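Read off the chains here:
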Amino acid sequence: MRKKNYPILVGLLLALSTTAPAAEKAQAFTRADLAAAATLRERALTDATAYALVESLTTEVGPRPAGSPGDQAAVAWAQREMQRLGFANVGTVDAFVPHWVRGEAEFSVLAPFPQSMPTLALGGSVGTGSEGVEADGVMVKDLDALAALPPGAVKDKIVFFSNRMERTRDGSGYGKAVAVRAGGPSAAAALGAAAIVIRSIGTSDSRFPHTGATRYTNAAPRIPALAISNPDADALVRQFESGKPVRLKLRSSSRDLPPVRSASVVGEVPGTDRAGEIVILGAHLDSWDPGVGAIDDGAGVAIMMGVAKLIRELDVKPKRTVRVVLFANEEFGTSGSLAYLAANEAEAPRHVLGFEADFGAGPVWRLASRVNPAQLPVVEQIYHALAPFKLVRGDNEAHGGADLEGLSKLGMPIIEPGLDGTKYFDVHHTANDTLAQVDPQALRQSVAAFAVSVWLGAQYSGTWERVTTEKAPRR
Ligand SMILES: [Zn+2]
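Cut-offs and rules
- Once a new chain begins, its residue numbering starts again from 1 and follows that chain's sequence as written.
- Totals for whole chains, interfaces and linings use every residue, but because this is a predicted model, local features are given only for residues with pLDDT of at least 70 and side-chain atom pairs only at 80 or more, for both listing and counting.
- Remark: hydrogens and water are excluded; side-chain values derive from all non-hydrogen atoms of the structure.
- Secondary structure elements are defined from DSSP: runs of H or I of at least 4 residues count as helices, runs of E of at least 2 residues count as strands, and each element is numbered from the N terminus.
- Two things to know: the radius of gyration comes from C-alpha atoms, and the globule rule equals 2.2 Å times the number of residues to the power 0.38.
- Type-normalised accessible area, obtained with a 1.4 Å probe on protein chains alone, sets the label of each residue: buried when under 20%, exposed when over 50%, and partly exposed for intermediate values.
- Two residues qualify as a contact provided that any one of their heavy atoms is within 4.5 Å of a heavy atom in the partner residue.
- Per-residue and other accessible areas were derived by the Shrake-Rupley procedure at a 1.4 Å probe size, with only the shown protein chains allowed to occlude residues.
- Under the counting rule used here, the positive set is Lys and Arg, the negative set is Asp and Glu, and His together with the chain ends is not counted.
- Charged groups are reduced to one reference atom each: NZ for lysine, CZ for arginine, CG for aspartic acid, CD for glutamic acid.
- Salt bridge, as used here: a side-chain nitrogen of Lys or Arg that lies within 4 Å of a carboxyl oxygen of Asp or Glu.
- Donor selection uses N, O and S atoms within 2.8 Å of the metal (3.2 Å for Na, K and Ca). Since no water is included, sites may look incomplete.
- Angular criteria define each label, namely tetrahedral for four donors with all angles between 85 and 135 degrees, square planar for four and octahedral for six donors with opposite donors over 155 degrees apart and remaining angles between 65 and 115, and irregular for whatever fails these tests.
- Axes, fitted as lines to C-alpha atoms, cover a helix only where it is in contact. Angles between the N-to-C directions of the axes lie from 0 to 180 degrees.
- For classification, angles of less than 35 degrees are called roughly parallel, those exceeding 145 degrees roughly antiparallel, those between 65 and 115 degrees roughly perpendicular, and all remaining angles oblique.
- For a crossing to be left-handed, the near helix must be turned anticlockwise from the far one by less than a right angle; the clockwise case is right-handed.
- Gly is put with the polar residues, along with every residue not named as nonpolar or charged; the nonpolar set is Ala, Val, Leu, Ile, Met, Phe, Trp, Tyr, Cys and Pro, and the charged set is Asp, Glu, Lys and Arg.
- When two rings of Phe, Tyr or Trp (its six-membered ring) have centres within 6.5 Å they constitute a pair, described as stacked for plane angles under 30 degrees, edge-to-face for angles over 60, and tilted for the intermediate range.
- Charges are assigned to positions over rings by a cutoff of 6 Å between ring centre and Lys NZ or Arg CZ, combined with an angular limit of 35 degrees from the ring normal.
- When DSSP finds two or more bridges between a pair of strands, those strands are recorded as paired.
- We call a crossover right-handed when, viewed with the strands running away from us, the connection from the first strand over the helix to the second turns clockwise.

A. A look at the overall build of the protein chain. Of regular secondary structure, the protein chain possesses 14 helices and 16 strands. At 24 Å, the protein chain has a C-alpha radius of gyration in line with the 23 Å of a compact globule built from 475 residues. Each principal axis of the C-alpha atoms in the protein chain carries an extent, and together these give about 70 × 70 × 40 Å. For the protein chain, the proportion of its 475 residues judged to be buried stands at 57%. Sequence separation of at least 24 residues holds for 85% of the intrachain contacts in the protein chain that already meet a minimum separation of 6. Per element, the accessible surface of the protein chain, about 19,400 Å² overall, is 56% carbon and sulfur. For the protein chain, the separation between the mean place of its 49 positive charges and that of its 51 negative charges on side chains is 5 Å.

In structure tokens form, the structure reads like this:
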């Protein structure tokens, strides 16, 4: 009986679900808007602007960690390139950024089987002094395992965190693994440890250690923190598993200099009848220092500038203002986006929709969102306009990136064309983050998918209502 009724019920549900959004469909976008979206998509797939930008940024500026000369050069580069591309209202928003200097780092196993391993200090790590730190090693998997050790177990020892990050397409493995990088030093120091070494938060089997920010609390002494590559971490695990005492030595000349004034760089394609409403396109201008920041986040910078350039070149002007913001210092405390938010406090509600590209060069594989449920049918129509890309339809729990976190917390809706991160953490924060990692075709596809989404977001005939629900925890 139930089975028999099933097709009727399904038919009814289908009819309901297709007619309800269809009413919205008729009005969300005009025919001209959708035609322009198709034009953007076609042009983006052959447009070389984004690749040329990431090539220029990585070649002419190179590494640009917060506070460095490269950071200053990147600010000048971005203003120059925005002017060249014809963006309006090009300007900067000042931000103070930390100025940490990496120096040199060494890591050696002294016993049971002596050998040295390439290493990188975690961003913000204190140095060791020229004599270095030598101590017995204690291996733990993660912060929970550290907390479960008996009292005194790591006193004056070097703690090695062995946990391996999981490879995923959406990057969810990162959030699970990164806690030891951020919180490992202070957690270990609170228990009396002398230093820590972590297995890099990364997925490759190459011998590149991954850096990234660490965060000291004020409750514990600041101890040095280094990362080693996955294959070396495997080798170190084998040394521990030999059952013999493990003796480690590390040295680092990292140090802090006074904070420096830097800036986020802003440029616009002004809107027309809804010019006061801003669709914000965020990426970050800074990078870590071992590589040249091609995938993190030169590609994101290039995608967003490429999108705005293509929209500017359309015969029609966007309804809403499309504003590209290349944030200062995402990597080491997001002081650029915090300063942007502070400088735009009164204007925060005018930021009606956000996009962020900070996850490599693509391709885009999914469309997720975090919008008011009233606008889900609009996202559905954007998804429909993206049909040639055969994207996965994501949920409405998108997190967006770190730089739009503040605006998103204030209720700004986010649409997230998801960049494929399967290989992203192979090179993220390593010396291997170079232009060679950027696939020009994937980058063009990403620009195309973002351009269609941004354009339609700017043209939506209704109101982008604020998001009032609590943010789901990061996946
Ligand atoms: Zn980044």
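B. Main features of the pattern of salt bridges. Scanning all chains against the criterion turns up 24 salt bridges. For E81, the salt bridge is made with R80, and the minimal N-O distance between the two is 3.2 Å. Close ionic contact of K409 with E405 constitutes a salt bridge, the shortest N to O distance being 4.0 Å. Here the residue K409 and the residue E405 both occupy positions in helix α12 (residues 405–409), the gap between them amounting to four residues, near one helical turn. The class of E405 is buried, set by a relative accessible area of 19%. It is possible to trace a salt-bridge network through shared partners that takes in E60, R80, E81 and R84.

C. Summary view of the coordination of the zinc ion. Protein-derived ligands of the zinc ion are H284 (NE2), D296 (OD), D358 (OD) and D358 (OD), with the metal-ligand distances lying across 1.9 to 2.8 Å. Bound by four donor atoms, the zinc ion shows angles of 51 to 149° at the metal and therefore irregular coordination geometry. Each donor residue of the zinc ion belongs to the same chain, and together they define the spacing H-x11-D-x61-D. Placement of H284 in strand β11 (residues 274–284) and of D296 in helix α9 (residues 294–312) is noted, with a sequence separation of 12 residues between them. Of the two residues, H284 and D296, both sit in the buried class.

D. Geometry of the packing of helix α2 (residues 31–44) against helix α14 (residues 440–459). Running from N to C, α2 and α14 point in directions that differ by 160°, and their axes come no closer than 8 Å. In terms of their interaxial angle, α2 and α14 are classed as roughly antiparallel. For α2 against α14, the interelement crossing comes out right-handed. Contact residues: α2 offers D33, L34, A36, A37, L40, R41 and A44, while α14 offers R444, V447, A448, A451, V452, W455, L456 and Q459. Here the contact of α2 with α14 is built from residues that sort into 11 nonpolar, one polar and three charged.

E. A look at the packing of aromatic side chains. Applying the stated criterion to the full structure yields 10 aromatic pairs. Aromatic ring contacts, followed pair by pair, group Y174, F359, Y424 and F425 into a single cluster. Sitting above the plane of the Y383 ring, R393 keeps its charged end 5.8 Å from the centroid.

F. Inspection of the pairing of strand β12 (residues 320–327) at higher detail. Judged by how many residues are buried, β12 sits mostly within the fold: eight of eight residues are covered. Relative to β12, strand β10 (residues 255–269) runs antiparallel, the two sharing five bridges. Note on β12: the bridge partner recorded for V265 is L326. Taken together, the eight bridges between β11 and β12 define a ladder with parallel strand orientation. Across the sheet, residue A283 finds its bridge partner in β12, namely L326. Taken together, β11, α9 and β12 form a β-α-β motif whose crossover is right-handed.

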